[in-house]
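# Coordinate analysis (summary)
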Amino acid sequence: MKTIMRLMPGQSVLWLLFFAGVLAAWSMLFAMQASAPDALGRDWSGAAYLWSLCSGTVADAGYLSAFVMWALMALAMMAPTAFPAFRTYQDLTHAGAANAMSVAVLITGYLMVWLGFSVIAAVLQVQLAGLGFVDAAGRSTSAALNGALLLLAGLYQFSTLKDACLSACKSPMTFFMGHWQPGLSGAFRLGLRLGAVCLGCCWALMLLAFVAGTMNLAFMGLAMVLMTLEKLPQIGTKLSAPLGVFLLLAGATVIVLPFATSIQI
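As a starting point, this report considers the structure included with it.

### Details of the overall build of the protein
A count of helices and strands for the protein gives 14 helices and zero strands. Mapped in sequence order, the helices and strands of the protein form the string α-α-α-α-α-α-α-α-α-α-α-α-α-α. With 265 residues in all, the protein has 42% of them scored as buried. Contacts in the protein between residues at least 24 apart in sequence constitute 77% of all its contacts with a sequence separation of at least 6. With an accessible surface of roughly 13300 Å², the protein has 73% of that area assigned to carbon and sulfur atoms.

Structure below.
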């Protein structure tokens, strides 16, 4: 009975739709990898279309295909990291400050920011592919670019902007109270602000997809876990600095290693 009650109309349905959307995004990303025509030449119909978004070269696939891929990545990876903040906003419904519709509007505003990021990332990927710096799997072919992205992400871990954005993500109730705006339009603006704060936390880590490959599900899962943990008050404080050090060392290694191996002893 309790399970049935959880599925009754109301905010439980909202969260059911939320997680269904996240699961659908992960499923489509998996289908993009798994639906390539096999040795027997079988056609997987709808799944084959998803594969076509990532087949050939990124430059040939075009901006729309790249945008669809990045939008799915943003939904699959970033929506779960903001779930604690969404639930905090939902708690305000008990005080009459918000309702189920405003929660949905807040989430929409949040995702709009990441859709904007997806547009920029898609343009960047297509342009880099056109210059030969990114292969068909969305992976950088340049050691210099890989090293630069790793160093950038590592340095950003210690920036004041990253720290400020993480502080807001770690204390969502304080964030909502400090920027509260009533009504659905206010909820949408709060969602945009929350998305901007989340973007400030995670954009550099998201760009590491070019290092691991934009269709690398293992990277997506690991990055999602790390970005989620960073936003937790007790764990995030202990995680950010070591992660930054690791990224700096990795970036330096990637840049120096080709020169070291080329030296003739």
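### Describing the packing of helix 6 (residues 83–91) against helix 7 (residues 100–130)
In contact at an axis separation of 10 Å, helix 6 and helix 7 are set at 150° when each is read in the N-to-C sense. For the element pair helix 6 / helix 7, the angle class is roughly antiparallel. For the pair helix 6 and helix 7, the crossing hand works out as right-handed. Residues Phe86, Tyr89 and Gln90 of helix 6 form the contact with helix 7, whose participating residues are Ser102, Val103, Leu106, Ile107 and Tyr110. Partitioned by chemical class, the residues of the contact of helix 6 with helix 7 number six nonpolar, two polar and no charged.

### Brief notes about the packing of aromatic side chains
On inspection of all chains with the given rule, the structure shows 14 aromatic pairs. Aromatic pair Phe18 and Phe86: ring centres 5.8 Å apart, planes at 85°, arrangement edge-to-face. Of the two residues, Phe18 is situated in helix 2 (residues 11–34) and Phe86 in helix 6; the sequence distance between them amounts to 68 residues. For Phe18, a relative accessible area of 10% puts it in the buried group. Both rings, one in Phe86 and one in Tyr110, keep their centres 5.2 Å apart while their planes meet at 90°; by these two values the pair is edge-to-face. Of this pair, Phe86 sits in helix 6 while Tyr110 sits in helix 7, and the two are 24 residues apart along the sequence.

### Comments concerning a nonpolar patch on the surface
A grouping of Tyr63, Val119, Ile120 and Val123 is seen on the molecular surface, where their side chains present a nonpolar patch of about 360 Å² in accessible area. By residue number, the principal contributor to the nonpolar patch is helix 7, which donates three residues. Mapping Tyr63 onto the fold places it in helix 5 (residues 63–81). Overall, the relative accessible area of 42% leaves Tyr63 in the partly exposed class.

### A look at the nonpolar core
By size, the foremost hydrophobic cluster in this structure holds 69 residues, and its most contacted members are Leu29, Trp70, Met77, Met78, Phe86 and Trp114. A per-element tally of this core places helix 7 first, with 12 residues. Among all residues touching Met78, those that are not within four sequence positions of it are Met73, Tyr110, Trp114, Cys198, Cys202, Met206, Met227 and Lys231.

### Notes on the pattern of salt bridges
Per the stated rule, a full pass over the model turns up two salt bridges. Among the salt bridges present, the one from Arg139 reaches Asp135, with a minimum N-O distance of 3.4 Å. Of the charged contacts, one joins Glu230 and Lys162 as a salt bridge, the two residues approaching to 3.0 Å between their closest N and O atoms. Of the two residues, Glu230 sits in helix 13 (residues 217–230) while Lys162 sits in helix 9 (residues 160–170), which places them 68 residues apart along the sequence. Of the two residues, Glu230 and Lys162, both sit in the buried class.

### What to know about the side chain of Ser102
As for its placement among the helices and strands, Ser102 is situated in helix 7. Aside from chain neighbours lying at most four places away, what touches Ser102 is Tyr89, Leu184 and Ala187.

### Here we look at helix 8 (residues 143–156)
Across its 14 residues, helix 8 extends 20 Å between first and last C-alpha, which sits within 8% of the 20 Å expected from 1.5 Å per residue. All of the buried residues in helix 8 are Asn146, Gly147, Leu149, Leu150, Ala153, Gly154 and Tyr156. Its side-chain oxygen 3.3 Å from the backbone nitrogen of Ala144, Ser142 forms the N-cap of helix 8.

### Overview of the environment of Phe19
Here Phe19 lies in helix 2. Take Phe19: its relative accessible area is 40%, and that puts it in the partly exposed class. In the structure, Phe19 is positioned 60 residues away from Ala79 in sequence and 9.1 Å away in space, judged by C-alpha atoms.

What counts and how
- Residues numbered from 1 in each chain as written.
- Predicted model: local features only at pLDDT ≥ 70, side-chain atom pairs only at ≥ 80, totals over all residues.
- Heavy atoms only, no water.
- Helix = DSSP H or I, 4+ residues; strand = E, 2+ residues; numbered from the N terminus.
- Buried < 20%, exposed > 50% of the residue type's maximum accessible area, 1.4 Å probe, protein only.
- Contact = heavy atoms within 4.5 Å.
- Areas by Shrake-Rupley, 256 points an atom, 1.4 Å probe, with all protein chains shown as cover.
- Axes fitted to C-alpha atoms, helices over the stretch in contact; angles between N-to-C directions.
- Parallel < 35°, antiparallel > 145°, perpendicular 65-115°, else oblique.
- Left-handed = near helix turned anticlockwise from the far one by under 90°.
- Nonpolar A, V, L, I, M, F, W, Y, C, P; charged D, E, K, R; others polar.
- Phe/Tyr/Trp six-rings, centres within 6.5 Å; stacked < 30°, edge-to-face > 60°.
- Patch = residues over 30% accessible without salt bridge, like charges linked within 9 Å, V, L, I, M, F, W, Y side chains within 5 Å.
- Salt bridge = Lys/Arg side-chain N within 4 Å of Asp/Glu carboxyl O.
- Core = buried A, V, L, I, M, F, W, Y, C linked by side-chain atoms within 4.5 Å.
- Expected span 1.5 Å × (residues − 1).
- Polar contact = N/O pair within 3.5 Å; in protein donor to acceptor, adjacent residues only side chain to side chain.

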